[in-house]
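Inside the fold
Spelled out from the first residue to the last, the chains are:
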Amino acid sequence: LRKQRRNLSQSLQAQAAQSLFRQLAQHPLFLRAQHIALYSASDGEIDPQLLMREAWRRGKHVYLPVLARWPKTTMVFQRVRPAKQQWEKNRFGIMQPRWCVADQRTVWALDAVFLPLVGFDQHGERLGMGGGFYDRCFAELYQRDQTITPQRIGLAHECQRIEQLPVASWDVPLHAVVTDQRWYVAPA
């Protein structure tokens, strides 16, 4: 699945990002949300940059995942601004905002988290890169009270959809997945 998305040409990647943007920019979820988490695309992931720019244009607060140096399994969401942002590469070589506790927001205080994935199925199950960062980030909140978690929306290329993924006890399902072609809403 990773190879498939990496093999998409720059032209197909740009078309997919534009299609993703068209599906999300006017969607009620995006329009209502004021605190939105996105990600910096890498390894062929569908790029949410157009959505990030639209969120800023509309005065929304945008957050990106930031990996802590220690403990190495910790990920937080940190606000990014269109200007004056300081960046650094994390241990996987992905650009992230430089660590700043004052700009971080707890996961339960986000309205929507748009996250990358390697594969997904129609049941809302997500295959990530294997680090478990998103699952750990949502785990305690999800187990305690599923009603206060932010909307978890996976973003993907259509070629990343598979029939069914195996589910582990620690996996936190998505509410939906949006691809370059359509929405997949997970069953309630």
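Report follows, based on the coordinates. (Residues numbered from 1 in each chain as written. Predicted model: local features only at pLDDT ≥ 70, side-chain atom pairs only at ≥ 80, totals over all residues. Heavy atoms only, no water.)

Considering the overall build of the chain
Here is the rule we go by: Here a helix means four or more residues in a row that DSSP labels H or I, a strand means two or more in a row labelled E, and each is numbered from the N terminus. For a compact globule the rule gives 2.2 Å times the number of residues to the power 0.38, and the radius of gyration it is set against comes from C-alpha atoms. Residues count as neighbours in contact if any of their non-hydrogen atoms are within 4.5 Å of one another. Using the Shrake-Rupley algorithm and a 1.4 Å probe, accessible areas are obtained, with residue cover drawn only from the displayed protein chains. Positive charges are assigned to Lys and Arg, negative charges to Asp and Glu, while His and the chain termini are left out of the count. Each charge is placed at NZ for Lys, CZ for Arg, CG for Asp and CD for Glu.
Helix and strand content of the chain: 5 helices and 12 strands. For the chain, whose C-alpha radius of gyration is 15 Å, the value lies close to the compact-globule estimate of 16 Å for 188 residues. If one aligns the C-alpha atoms of the chain with their principal axes, the spans along those axes are about 40 × 40 × 35 Å. Of the contacts formed within the chain by residues at least 6 apart in sequence, a portion of 67% connects residues at least 24 apart. Accessible area for the chain stands at about 10,000 Å²; split by element, carbon and sulfur atoms hold 53% of it. Positive and negative side-chain charges in the chain, numbering 25 and 16 respectively, have mean positions lying 7 Å apart.

Side note on unusual backbone geometry
The cut-off we apply is this: Per-residue accessibility, obtained with a 1.4 Å probe over protein chains only, is compared with the maximum for each type, and a residue is labelled buried under 20%, exposed over 50%, and partly exposed between these values.
Its identity is not glycine, yet Asp43 carries a phi of approximately 55°, on the positive side. Owing to a relative accessible area of 22%, Asp43 belongs among the partly exposed residues under this scheme.

Some points on the sheet that holds strand β2 (residues 61-67)
To keep it simple, the criterion reads: At least two bridges found by DSSP between two strands are what make those strands a pair. Every axis corresponds to a line fitted to the C-alpha atoms, with the helix fit spanning only the stretch in contact, and the corresponding angles, defined between N-to-C directions, vary from 0 to 180 degrees.
Spatially, β6-β3-β2-β1-β7-β10-β11-β12 is the arrangement adopted by the 8 strands of the open sheet, whose pairing is mixed. Two strands bound the open sheet, and with one partner strand each, they are β6 (104-105) and β12 (183-185). Across 2 bridges, the pairing between strand β1 (residues 35-37) and strand β7 (residues 112-116) is parallel. Paired with Ala37 across the strands is Val113, a residue of β7. Contacting β7, β10 (151-156), β11 (176-179) and β12, helix α2 (residues 10-25) runs over the sheet at an angle of about 135° to β11.

Side note on the packing of α2 against helix α4 (residues 49-57)
Quick reminder of the rule: Residues are sorted three ways: Asp, Glu, Lys and Arg are charged, Ala, Val, Leu, Ile, Met, Phe, Trp, Tyr, Cys and Pro are nonpolar, and all the rest, Gly among them, are polar.
The contact between α2 and α4 brings their axes to 8 Å, and the two run at 40°. The residues of α4 that touch α2, namely those facing Ala17, Gln18, Phe21, Leu24 and Ala25, are Leu50, Leu51 and Glu54. Looking at side-chain class alone, the contact of α2 with α4 contains 6 nonpolar, 1 polar and 1 charged residues.

Looking at the layout of surface pockets
Our working rule: Only protein atoms enter the calculation, which uses a 1 Å grid: trapped sets of points that fit a 1.4 Å probe without letting it out are cavities, open sets showing protein on both sides within 12 Å along at least five of seven lines are pockets, and any residue with an atom within 4 Å of a point is a lining residue. Grid points are joined across faces, edges and corners, and a volume is the space filled by probe spheres set on the points.
The space that makes up the largest pocket amounts to roughly 740 Å³. As for the largest pocket, its lining consists of 33 residues, and the residues nearest its centre are Arg126, Met129, Gly131, Phe133 and Tyr134. Secondary-structure elements contributing two or more residues to the lining of the largest pocket are β2, β5 (95-97), β9 (126-127) and α5 (133-144). When residues in the lining of the largest pocket are grouped by element, the largest group, 4 residues, is from β2. Per-class residue counts for the lining of the largest pocket are 20 nonpolar, 8 polar and 5 charged.

Notes on the pattern of salt bridges
How we decide: Whenever a carboxyl oxygen of Asp or Glu lies within 4 Å of a side-chain nitrogen of Lys or Arg, that contact is scored as a salt bridge.
Taken as a whole, this structure holds 9 salt bridges when the rule is applied. With a closest N to O distance of 3.7 Å, Glu88 and Arg98 form a salt bridge. Of the two residues, Glu88 sits in strand β4 (residues 87-89) while Arg98 sits in the loop between β5 and β6, which places them 10 residues apart along the sequence. By relative accessible area, Arg98 is classed as partly exposed at 40%.

Brief notes about α2
We apply this condition: In a helix, the anticipated span is given by 1.5 Å times the number of residues less one.
With 16 residues, α2 should reach 22 Å at 1.5 Å per residue; the first-to-last C-alpha distance of 22 Å fits that figure. Of all the positions in α2, only Gln13, Ala16, Ala17, Ser19, Leu20, Phe21, Leu24 and Ala25 are classed as buried.

Digging into the packing of aromatic side chains
Test applied: Each Phe, Tyr or Trp ring, with Trp reduced to its six-membered ring, pairs with another whose centre is within 6.5 Å; inter-plane angles below 30 degrees give stacked pairs, above 60 give edge-to-face pairs, and intermediate values give tilted ones. Cation placement over rings: the criterion is NZ of Lys or CZ of Arg within 6 Å of the ring centroid and within 35° of the ring normal.
Per the stated rule, a full pass over the model turns up 4 aromatic pairs. Ring geometry for Phe92 against Phe133: centres 6.1 Å apart, planes inclined by 75°, an arrangement best described as edge-to-face. Taken together, the residues span a long stretch of sequence, with Phe92 in the loop between β4 and β5 and Phe133 in helix α5 at a distance of 41 residues. What links up through ring pairs into an aromatic cluster is the set Phe77, Tyr134 and Phe138. The side chain of Arg136 reaches across the aromatic face of Phe133, ending 5.2 Å from its centre. Cation over ring: Arg182 sits above Tyr184, and NZ or CZ is 4.1 Å from the ring centre.

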